[in-house]
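Coordinate inspection notes
Spelled out, the chains give:
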Amino acid sequence: MMDAEKVKQLQQEFGLSYHIEYASFAQQTVGFHGKKVLEVGGSLPQRFVIEELGAAQWTALEELDYWKETLSTGYVLGTPPIEDNQKILFSSATPALLDKNYNIFYGHIEDLPEQMESQFDLIFSIAAFEHIARLPLALDKMRRALVPGGKLFTMFAPVWSCYNGHHLPEIVDDAGNHWSFGNSPIPPWGHLLFRPMELYDLLCGKCDEKTAREIVYFVYNSPHINRFFIDDYIEMVERSGFTVLQSQAIYEVPVPDLVKQQLQKQYPGRKDFSNSGIFFILERKF
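Quick caveat, the model's predicted, so the values are computed rather than measured. (Residues numbered from 1 in each chain as written. Predicted model: local features only at pLDDT ≥ 70, side-chain atom pairs only at ≥ 80, totals over all residues. Heavy atoms only, no water.)

1. Focus on the sheet that holds strand E5 (residues 146–156)
Heads up, the rule is: Two strands are said to pair when DSSP picks up at least two bridges between them. Per the convention used, a helix needs a DSSP run of H or I reaching at least four residues, while a strand needs a run of E reaching at least two, with both numbered from the N terminus. Note on geometry: axes are lines fitted to C-alpha atoms, helical ones only across the stretch in contact, with angles between N-to-C directions running from 0 to 180 degrees. Any two residues whose heavy atoms approach within 4.5 Å are treated as being in contact.
Spatial strand order, E3-E2-E1-E4-E5-E9-E8: seven strands in an open sheet with mixed pairing. Because the sheet does not close on itself, it has two edges, and the strands there are strand E3 (102–106) and strand E8 (243–252). Strand-to-strand, the axes of this sheet are offset by a mean angle of 15 degrees, without reference to chain direction. Two strands pair when backbone bridges link them, and strand E4 (residues 120–126) and E5 are joined in this way by six bridges, in the parallel orientation. The partner of Ser125 across the bridge, within E5, is Thr154. Across the sheet, helix H5 (residues 135–145) touches strand E1 (36–40), E4 and E5, and the angle it forms with E5 is around 135 degrees.

2. Brief notes about the layout of surface pockets
Test applied: Grid points spaced at 1 Å over the protein atoms alone were grouped into cavities, where a 1.4 Å probe fits but cannot get out, and pockets, open sets with protein on both sides within 12 Å along at least five of seven lines, with lining residues defined by an atom within 4 Å of a point. Grid points are joined across faces, edges and corners, and a volume is the space filled by probe spheres set on the points. By the convention adopted, Pro, Cys, Tyr, Trp, Phe, Met, Ile, Leu, Val and Ala count as nonpolar, Lys, Arg, Asp and Glu as charged, and the other residues, Gly among them, as polar.
A volume near 250 Å³ is recorded for the second largest pocket. Along its surface, the second largest pocket is lined by 13 residues, and Glu63, Asp65, His108, His131 and Pro223 are the ones closest to its centre. Along the lines of polarity and charge, the residues of the lining of the second largest pocket split into four nonpolar, three polar and six charged.

3. Quick look at the packing of aromatic side chains
Rules: Aromatic pairing here means that ring centres of Phe, Tyr or Trp (its six-membered ring) are within 6.5 Å. Orientation follows from the plane angle: under 30 degrees is stacked, over 60 is edge-to-face, and everything else is tilted. Under the scheme applied here, a residue whose accessible area is under 20% of the maximum for its type counts as buried, over 50% as exposed, and between as partly exposed, the area being computed with a 1.4 Å probe on protein chains only.
Counting across every chain of the model gives 21 aromatic pairs. Note on Phe25 and Phe279: the rings are 5.2 Å apart at their centroids and 80 degrees apart in plane angle, and the pair reads as edge-to-face. Note that Phe25 is positioned in helix H2 (residues 18–29) and Phe279 in strand E9 (residues 275–283), a separation of 254 residues in sequence. Aromatic pair Phe90 and Phe105: ring centres 5.9 Å apart, planes at 55 degrees, arrangement tilted. In this pair, Phe90 sits in the loop between helix H4 (64–70) and E3 while Phe105 sits in strand E3, placing the two residues 15 residues apart along the sequence. A single burial state applies to Phe90 and to Phe105, both of which are buried.

In structure tokens, the structure reads:
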């Protein structure tokens, strides 16, 4: 178990932030020791996952399409993979390629080849589900990738239905202002309340027109997020074939009453606009 001091030390050593905290939580709840792990949507450092987490084998799956899109602004938001010269596509993966204790493949979990089914004891996925467009298919493939009794641990935020669910990558306007979902020119829940051109008009009062157009694109049209509401994730998981061991909404941000009324009127039947994310522990029974 990692105490607060250990978490801080590892964050500094590896240049990571929430990744270490999420991994520490997963270590307490599902455990990594001695397991063959598939990381979906990331590639934590080899020394960390083998020596600190104690995994017997770690296979990372990076989606380069996501990084190509978000890095197109010219700025880095997140932890892009360090690419080597040997890019092995996940669609071409075979068990014979898992000959090392640390492996990286490139592609989508949806491309899981039949020969890679039932190869992993645990799937670990953080800050990734909000970026997966074909999530029901992805869940089916993750279930197939696990051995019977294998578990999936996932935590992710912010989702589309929360106050900053637009997940804006870093964009710099002509005045030198750096905008991102952590420093957003969009009012809380504005991506849900405004139509695209309404948001454009609002943004033109804060930045230049070119930047406003780019922000509107990333908010409403870019494939870097899937724009599912939090209850969509819950329903997809419940219908995935997994057994749900734990399910909990996280990172609540209270919605002002007037905003809540507007959201409920605009999105009939939707009720949860406050929770920014969710975590699941799922199990493949057979």
